[in-house]
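Coordinate inspection notes
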Amino acid sequence: MPECLVMSQALESLRSPEQNYKSTKQEQQQASPLGIKQQVIGINGQFPGPILNVTTNWNVVVNVKNHLDEPLLLTWDGVQQRKNSWQDGVSGTNCPIPVGWNWTYQFQVKDQIGSFFYFPSLNFQKASGGYGGITINNRPVIPIPFATPDGDITIFISDWYTKSHKELRKNLEDGIDLGVPDGILFNGLGPFRYNESLVPEGIAFEMINVDPGKTYRLRVHNVGIKTSLNFRIQNHNLLLVETEGSYTVQQNYSNMDIHVGQSYSFLVTMDQNASTDYYMVASPRFANTTSAGVAILHYSNSQGPASGPLPDPPNEYDTYFSMNQARSIRWNVSAGAARPNPQGSFRYGDITVTEVYVLLNRPAELIDGKWRTTLNGISYIAPSTPLKLAQQFHIPGVFKLDFPNRIMNRPPKVDTSVINGTYRGFMEIIFQNNDTTVQSYHLDGYAFFVVGMDFGLWTENSRGTYNKWDGVARCSIQVFPGAWTAILVSLDNVGMWNLRAGNLDSWYLGQEVYVSVVNPEVTNKTEVPLPDNTIYCGLLSSFQKDQAQRVSFSAAGSSVPKGGRKFLFGLVLTWFTVLLG
C-alpha cells in the first residue's frame, strides 16, 4: 500500500539505521464469505490480517490495539519464544488485553525460519477471524535448499460458520455440537461459482494471479476451527519443501491433507498451457458435507475461465491414505535451516528419553453438570491468575504440578494440573485419540519430532516402528480417530508452555495442559525477565494501573533481546460487518 510506504519512510528517518519500521492503515473492508451478513474480527481493516514478514533472529515488536467488545490475546502459532513465554499470548502466560487497551508484544524469532500464523487465543474468537500470517525468512548468508522462487504467496484455508463465535461457544457449553461448517474460505473469501446449484450468485472469491513458466512458493495454512481440509490445484503438482519451520524431503503431491493448525510450503510451477484458468480447491476431509472452498489460479495469458469438474479429492473416508501421506513427509536432514549446519545434525534418535506421557482424549462428556473434554481424565480450567505470573510471584494454590503421565482409574474431573517438565529432559508424548474425529495438537515453545503414528492402541512395542532418523520437526500434528501419534521433544526452552488441541471445540471445553520447564540453577540467565508492561489480573489485580492513553503506541520495553534488527508492527483489532455482495 502506498500509504504504508510513505509512512514507513517518514518514520525511518527518526530511527537508527539498524531498525526497520512497518505500519498499516486501518481501513473498512467489505467482503462476503458466504453471502450472509455477519461480523468478523478484522485487523488493520483487513480480513485476514496482515502478514508479519521478518528474518530469522530479528526482534519483533507488535503493538495490539483491542477495539473489540471482549478482552483478547494473540498467540504466535509456531514461534518458539525462546526463553520468553511471557509473550506467548495464551491464558496460562498472559492476562487478557482489556477492551480499549493497547499492549505491545516483544520477542525474537530466534533461530527459526518458515511458515507460521497468529490468531486470537481466547473465548472462541478464532471462529470469527483475527488471524494472519507469519513468514520468517533465512538470512541471506544461509541458502535455501531450492532455487529462489519467482514469488511468495500466502494462502489461508478454513472452515467457516455463519453463526458468531459467541453463539458457537454458547452451543458448545450447552452440549450442542458445532456440526458441519457452512462453507470453506480461501483468504477470507467464499467459493468461486463452480456449480450454480451449490454456490449462490454474488459471492466474492479469491483469484491468485501468476505468470506462465514461473515457480511460486505457496504457504498454505489451515486456520480453521475443526475441519481437516484437502488442498489441491487443478492440473498442477505440489512440490512440498517446508512445514512449520522445517525443510522437508522434496516430494511431489497431487493433493495434501492439511489438518487444523498446520502449515505447509509448496513450490508450484506454472507449466500449463493457460487455455483456461484453473481451480484451486480446499475440501473437507472426514466430514459429512460436500461443501468446498474454490479459488482461481489465473495465468496472465489465460484464455478463459476455469471449467469442468473440480479435481478429484482422495476417497472421503480413507484414513489409511491420509495417514500414509503423513508418514511420507520426511525431514530434509542435509539442509540447513536458520543455521548453516544440517537439520539432521541433531540426532534425536540417539537421545535417551527421560519422561513419557501417554495422553488419552475422549469426546465431550458431562463433568459436574457441564460439558467438558479431557486429557488423561482432566479437563483444564484456566485460573484467574495466569500460571506464569503465579509461578513468578510464588503464589500457592493456583496450579498443581501433578498432571498424570497415564490416564488414572478415577472419574474425570476439572482441574488446573500442570506437567512438571525437566529442563533439558527428552520427553516422549503419545497422543491416543479415542474420539470419533481427527484431532490435531499443538505445543508452544518447541518444534517436536514426529516419530510414529498408527491405528489401534499404542503399546511399548510400538516404539519398534518409530522413525529415529528423519521424522519431520514441526509444532502441530494430527491424530486419527482410533489411532495414536508419537512425538519426541527436547525440553531446552525455559517457560510455561501450552499443549493444546488444535480443534477449537475440544480446546475450548478443556482439552489442554501446560508444561512447566524451569532451570532450578540459573533461571535468571535462561529466561527473559518479567516485562515492564505486564498486565496483572486475578490475585495480582492490585498491581495493575489503568492505561492513561489507551490508543497511543506503547514504547518498547526492556525485555527485547539486544542486537539484531528490530521489526515494529501495529495491529488494530476491530469488528466490522461482512456485507452481502
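Analysis parameters
- Residues numbered from 1 in each chain as written.
- Predicted model: local features only at pLDDT ≥ 70, side-chain atom pairs only at ≥ 80, totals over all residues.
- Heavy atoms only, no water.
- Helix = DSSP H or I, 4+ residues; strand = E, 2+ residues; numbered from the N terminus.
- Rg over C-alpha atoms; globule rule 2.2 N^0.38 Å.
- Contact = heavy atoms within 4.5 Å.
- Areas by Shrake-Rupley, 256 points an atom, 1.4 Å probe, with all protein chains shown as cover.
- Lys, Arg positive; Asp, Glu negative; His and termini not counted.
- Charge placed at Lys NZ, Arg CZ, Asp CG, Glu CD.
- Buried < 20%, exposed > 50% of the residue type's maximum accessible area, 1.4 Å probe, protein only.
- Pairing = 2+ DSSP bridges.
- Axes fitted to C-alpha atoms, helices over the stretch in contact; angles between N-to-C directions.
- UniProt positions renumbered as here; feature names shortened; annotations may be inferred.

1. Quick notes on the overall build of the protein chain
- Counting secondary structure elements, the protein chain contains six helices and 33 strands.
- The globule rule puts the C-alpha radius of gyration for 581 residues at 25 Å, and the 23 Å found for the protein chain is close to it.
- Dimensions of the protein chain, computed from the C-alpha atoms along their principal axes, are close to 70 × 60 × 50 Å.
- Looking at the protein chain alone, contacts between residues at least 24 apart form 79% of all its contacts between residues at least 6 apart.
- Accessible area for the protein chain stands at about 22,500 Å²; split by element, carbon and sulfur atoms hold 51% of it.
- In the protein chain, which carries 44 positive and 48 negative side-chain charges, the distance between the mean positions of the two groups comes to 6 Å.

2. A closer look at unusual backbone geometry
- Following Phe 47, the chain continues into Pro 48 via a peptide bond in cis, with omega recorded as -5 degrees.
- Inspection of the secondary structure puts Pro 48 in the loop between strand 2 (38-43) and strand 3 (52-55).
- Although it is not a glycine, Lys 83 adopts a positive phi angle of roughly 60 degrees.
- Lys 83 gets classed as partly exposed once you look at its relative accessible area, which sits at 42%.
- A positive phi angle, near 65 degrees, is found at Arg 424, a position not held by glycine.
- Along the chain, the position of Arg 424 falls in the loop between strand 24 (419-422) and strand 25 (426-433).

3. Considerations on the sheet that holds strand 31 (residues 495-501)
- If you trace the five strands from one edge of the open sheet to the other, you get 24-32-31-26-29, paired in mixed fashion. In the strand order of this sheet, the two ends are held by strand 24 and strand 29 (476-479), each with one partner. Strand-to-strand, the axes of this sheet are offset by a mean angle of 25 degrees, without reference to chain direction.
- Here four bridges tie strand 24 to strand 32 (residues 512-518), and the two strands are oriented parallel to one another. If you follow Ile 419 over to strand 32, its bridge partner there is Val 515.

4. Quick word on the UniProt feature "domain: Plastocyanin-like" (unreviewed entry) in the protein chain
- With numbering matched to this structure, UniProt assigns "domain: Plastocyanin-like" (unreviewed entry) to residues 28-139, 152-302 and 385-520.
- Note that residues 152-302 is 6% helix and 45% strand, and that its end C-alpha atoms are spaced 20 Å apart.
- Within the segment residues 385-520, helix and strand shares are 8% and 41% respectively, and the terminal C-alpha atoms sit 23 Å apart.

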